[in-house]
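Structure assessment
If you want the building blocks of each chain, they are given just below.
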Protein chains: 2
Amino acid sequence: MDSIKIALLGLGNVGRGVWKILHGHRDMIREYVGVPIEIKKVLVRDIHKKRDIDVPFHILTTKFDDILFDEDIHIIVELMGGLNPAYQYIRKAIEKGKHVVTANKAVIASYGKELIQLANQRNVLLRFEGSVGGGIPIIAALTKSLAANEIETVVGIINGTTNYILTQMTRYEMDFNTALKLAQEKGYAEADPTSDVEGEDAAFKLSILAFIAFGVQVPPQDIPREGITRISEKEIQYAAQLGYTIKLLAVAKKHDGKLDLHVHPTLVPITHPLAAVNDEFNALFIKGDAIGELMMYGKGAGSLPTGSAVVGDIMDVSCAMMSGFREPYAYRNVREDLYINGEGEGEYYVRLEVVDQPGVLGKISTVLGNYGVSIASVVQRGRGERVVPLVLITHRVERKKLDLALEEIKKFDVVEEVASILRVESHSS
Amino acid sequence: MDSIKIALLGLGNVGRGVWKILHGHRDMIREYVGVPIEIKKVLVRDIHKKRDIDVPFHILTTKFDDILFDEDIHIIVELMGGLNPAYQYIRKAIEKGKHVVTANKAVIASYGKELIQLANQRNVLLRFEGSVGGGIPIIAALTKSLAANEIETVVGIINGTTNYILTQMTRYEMDFNTALKLAQEKGYAEADPTSDVEGEDAAFKLSILAFIAFGVQVPPQDIPREGITRISEKEIQYAAQLGYTIKLLAVAKKHDGKLDLHVHPTLVPITHPLAAVNDEFNALFIKGDAIGELMMYGKGAGSLPTGSAVVGDIMDVSCAMMSGFREPYAYRNVREDLYINGEGEGEYYVRLEVVDQPGVLGKISTVLGNYGVSIASVVQRGRGERVVPLVLITHRVERKKLDLALEEIKKFDVVEEVASILRVESHSS
């Protein structure tokens, strides 16, 4: 083979990054793969759009079939994003015997298992390192480097937008809306930030991580999630006083044949490695039974960081093509027997706004006790006002029990409000 | 193929970890590879030694040739450590057409390039993830996941013993000898700790990283290095007052066609991700031109963490065997044109013990200026004593110039001692 010919689907932010890397590192890549990698066609919506990269006009097309039926093209690189038509294009490409590289979290979260099986049947490779954590090689680590481990825990900060917002809120005592506006100005948040701030983006990525680490495919919409829109700067300050910082954590933890799987704003002890992950950075914290703790930290999004992952995948597939390699066993088998436990048990931070009078704590803790919720610590801050915040941290308990107890507690005249319920990530769990 | 048959050379700490993982995860591994991996022979020095694992007597041997000439054995896993006979055994294994997995830093640092070339000629695979950073998949990241990047920087804490000692010294204001003794009691330091505390172990690993990240093979003994034996708890406190923590850093940085390559106890700003890497943990901080910053953090040594890397390699080679894969281009090509710059330029922390009288700082800074050393900051702490510490932090300068200036400064009557010269790692460099 004289060269590996590829096609890009989409020339947005990541697509342009991939273009730049493939051109900027042409020599290095040829040396590594053995032959050059050539972009033969690029699928775009508008051929005439002005772009900041110099793409020869004749390789642009608006028709996917121009690419699908081009027998010269070995690898299709899908960078359009969104579920459709990306999913259909990937399926058709695999069915046509082409290798596929994608950074599409929606497609892999929803159809990863099916597409991998299809790729194995058709004897082609499907790679998706860019779909989670941008440039951080988390898929390679979980599927390959840690293959000798039973994975116990994957806990991550996997949404850069919300991490940037929470960092600004923490660092400058900013409110959510101001921080969101700043994130939008800096290009870290989209005009419609819903998917990021409501935790949907993180749930997509967590679904992929659960598949890769534990072999289960859980539809992202089935993953319990809570965004950060209700986090106030006041909550962040209360948390800080207790030695915690608030992060949007995606959690997958296996225990007793169950898999806890959820996305929540969470109190993280400031001594935890994840507490120091700030701004738009992502991090993945993994526990495996042989390796112990492993953390990976880097930029979770962006044209070049995600481009790095995508081009890494393209080079990997190219090397495999050059050596005749096929990889039928690269992913952990699906474990149908693992019970998906959703939010599972946890420690919780609860802030109540209560009337400042004797006996209130007694009443509340009695109800909590009746529902099996035991209290690890309590802070009540008298501010000389009629109503004061009462902050509780519970021991491990099922969320359902806590909610039932709080339903009852809410009815007390002395309880003005259940102002906040947040999860707490302890070091040991 | 019904099974992959392997042999272990050595059944020490890592060897026993590998044994335990291969047996404990027998089913998971068979599922992943497609066939079982079977340990057919184990080379040991003493067949009759009591061991904490249950190794069938008939697979033990004291003769390497029993393994080398066993045509059934596909992969030889070298876990003896030390340069010889490990190097000869690995060479012979490759020449005989067997794949090799090793965790041997001395062999790979000294003969990595030659062995990889030999393996490519003989069409076999050579893997050594366990040789640097224990279970942290740094070799896979640099060779594979980051293949699309030009690597600019690899800075790491790659010796767990010294990191444990420095952490104890920092946390409990302990002196070096007490911390070393504690490390020995906990099993983090050997009875003869020389190689660790003098930076030799880190230099071996840095040599491997330089090879993997930059394609140069630099003999470990040519890498400028300084250990931690001269670091006092007082120095750590001075550094802390300036906002730094002291870490033994292994540094490889490319700039202007040169590669700085050195191991030094270094002041790291407390806001730097590496500053939070404590106890026996290792971490690698990488900058690539596409990915930006990436950090990986985990256990850099130990029976199971290193065993995780070794078994990962064995599984990778096994998958490759099952699919007929050969990998001739997996490593960056050697760049003979990169100038190895040793310690290169840096910012330095200098502590002088000087007589507390007017004009001293003026005299000293004049001499520094004459040699082109410019001062970024100065702290003089009058303690009401005749002699007081004067701490300088310089701007970037060649070490040679600083040394010449200090030679001259040393001769002043008012200068009692040049007590300490340490490198400073700034955030931006």
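Quick look at the structure, then.

Cut-offs used in this document
- Residues numbered from 1 in each chain as written.
- Chains lettered and ligands numbered in written order.
- Predicted model: local features only at pLDDT ≥ 70, side-chain atom pairs only at ≥ 80, totals over all residues.
- Heavy atoms only, no water.
- Salt bridge = Lys/Arg side-chain N within 4 Å of Asp/Glu carboxyl O.
- Helix = DSSP H or I, 4+ residues; strand = E, 2+ residues; numbered from the N terminus.
- Buried < 20%, exposed > 50% of the residue type's maximum accessible area, 1.4 Å probe, protein only.
- Phe/Tyr/Trp six-rings, centres within 6.5 Å; stacked < 30°, edge-to-face > 60°.
- Lys NZ or Arg CZ within 6 Å of the ring centre and 35° of its normal.
- Core = buried A, V, L, I, M, F, W, Y, C linked by side-chain atoms within 4.5 Å.
- Pairing = 2+ DSSP bridges.
- Least-squares fit on C-alpha atoms with pLDDT ≥ 70 in both.
- Contact = heavy atoms within 4.5 Å.

Residue and element names in this part refer to chain B. With the rule as written, the count across this model stands at 52 salt bridges over all chains. One salt bridge connects Asp-201 with Lys-105, and the closest N-O pair in it is separated by 3.0 Å. With a gap of 96 residues between them, Asp-201 in helix H10 (residues 200-214) and Lys-105 in helix H5 (residues 105-122) connect regions that are remote in the sequence. When the shortest N-O distance is used, the salt bridge between Glu-353 and Arg-351 registers 2.6 Å. Considered together, Glu-353 and Arg-351 belong to a single accessibility category, that of buried residues.

Turning our attention to the packing of aromatic side chains. Residue and element names in this part refer to chain A. Per the counting criterion, the structure on display carries eight aromatic pairs over all chains. Taken together, a centroid distance of 4.0 Å and an interplanar angle of 10° make the contact between Phe-64 and Tyr-89 stacked. One end of the pair, Phe-64, is in helix H3 (residues 64-68); the other, Tyr-89, is in helix H4 (residues 86-95), and 25 residues separate them in sequence. For the residue pair Phe-64 and Tyr-89, the accessibility class agrees, reading buried in each case. Above the plane of the ring of Phe-412 lies Lys-363, whose end atom (NZ or CZ) is 4.8 Å from the centre.

In globular proteins that are soluble, nonpolar side chains generally tend to be buried together. In this structure, Ile-138 and Leu-142 of chain A together with Ile-138 and Leu-142 of chain B are the most contacted members of the largest nonpolar core, which totals 172 residues. Counting 38 residues, the second largest nonpolar core, distinct from the first, contains Ala-147 of chain A together with Leu-8, Met-315 and Cys-319 of chain B.

Now for the sheet that holds strand E4 (residues 75-78) of chain A. Residue and element names in this part refer to chain A. The strand order across the open sheet formed by six strands is E3-E2-E1-E4-E5-E6, and the pairing between neighbours is parallel. Two strands lie at the open edges of the sheet, namely strand E3 (60-61) and strand E6 (126-127), each paired on one side alone. Here strand E1 (residues 4-9) runs beside E4; their pairing, made up of four bridges, is parallel. The residue of E4 that forms the bridge with Leu-9 is Glu-78.

Our focus in this paragraph is unusual backbone geometry. Residue Pro-85 of chain A is reached from Asn-84 of chain A by a cis peptide bond, and omega for that bond is 10°. Take Pro-85 of chain A: it is sitting in the loop between E4 and H4. Within the chain, Glu-173 of chain A stands out as a residue other than glycine whose phi angle is a positive 50°. With respect to the helices and strands, the residue Glu-173 of chain A is situated in the loop between helix H7 (160-172) and helix H8 (176-185). One non-glycine residue, Asp-279 of chain B, lies in positive phi territory at about 55°. Turning to its location among the elements, Asp-279 of chain B is positioned in the loop between strand E9 (258-269) and strand E10 (281-288). A relative accessible area of 21% places Asp-279 of chain B in the partly exposed class.

The next point concerns the relation of the copies chain B and chain A. For these two chains of identical sequence, chain B goes onto chain A by a turn of 180° and a shift of 0.0 Å along the axis, with RMSD 0.0 Å. Here the two chains are linked by the operation of a two-fold rotation axis. In this assembly, 100% of the residues forming the interface of chain B have copies in chain A that are likewise at the interface, indicating an isologous arrangement.

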